[in-house]
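# Observations on chain architecture
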Amino acid sequence: MTYKEFIQAHTVAADNKESDNKSVTVSMVTVENAEKACKMAVKELAEKLLEMRDMNLAADMLGRIRDEKI
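Read on for an overview of the structure. Every value quoted in this text rests on a predicted model; they were computed, and no experiment measured them. (Residues numbered from 1 in each chain as written. Predicted model: local features only at pLDDT ≥ 70, side-chain atom pairs only at ≥ 80, totals over all residues. Heavy atoms only, no water.)

This part takes up helix α2 (residues 31-51). Counted at 1.5 Å a residue, the expected span for α2 with its 21 residues is 30 Å, and the 30 Å between its end C-alpha atoms agrees. Along α2, the residues classified as buried are N33, A37, M40 and L49. Those residues of α2 that are buried are in contact with α1 (3-9) and α3 (55-67). (Helix = DSSP H or I, 4+ residues; strand = E, 2+ residues; numbered from the N terminus. Expected span 1.5 Å × (residues − 1). Buried < 20%, exposed > 50% of the residue type's maximum accessible area, 1.4 Å probe, protein only. Contact = heavy atoms within 4.5 Å.)

Okay, here's the thing in structure tokens:
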């Protein structure tokens, strides 16, 4: 199971009251499941990088991930 599939399987709908008393349904994931999905995503990235034959390309990919605005 990929981290994306894990998130989809553990997403629940929740009602959220807006400031104008309107109720809006939003999708949510528990903190524990979000943390597990993050760990799964890191593992998937590590596996992908280890499979790469070109270390310069792998280093470039890591650099782009590091420099990305979050």
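Let us look at α3. Under the 1.5 Å per step criterion, the end-to-end length of α3 is 18 Å for 13 residues, consistent within 8% with the ideal 18 Å. Where α3 is buried, its residues touch α2. The N-cap of α3, judged by a side-chain oxygen 3.0 Å from the amide nitrogen of N56 a few residues on, is D54. (Polar contact = N/O pair within 3.5 Å; in protein donor to acceptor, adjacent residues only side chain to side chain.)

The subject of this paragraph is the layout of surface pockets. Taken as a whole, the largest pocket spans an internal volume of roughly 160 Å³. Along its surface, the largest pocket is lined by Y3, A41, E44, L45, K48, M61 and I65. Those elements giving two or more residues to the lining of the largest pocket turn out to be α2 and α3. Element by element, the count of residues in the lining of the largest pocket is highest for α2, at four residues. Residues belonging to the lining of the largest pocket are distributed by class as follows: five nonpolar, no polar and two charged. (1 Å grid on protein atoms, 1.4 Å probe; cavity = no way out; pocket = protein on both sides within 12 Å on 5 of 7 lines; lining within 4 Å. Points joined across faces, edges and corners; volume = space filled by probe spheres on them. Nonpolar A, V, L, I, M, F, W, Y, C, P; charged D, E, K, R; others polar.)

Taken by themselves, the reported measurements are silent on function.
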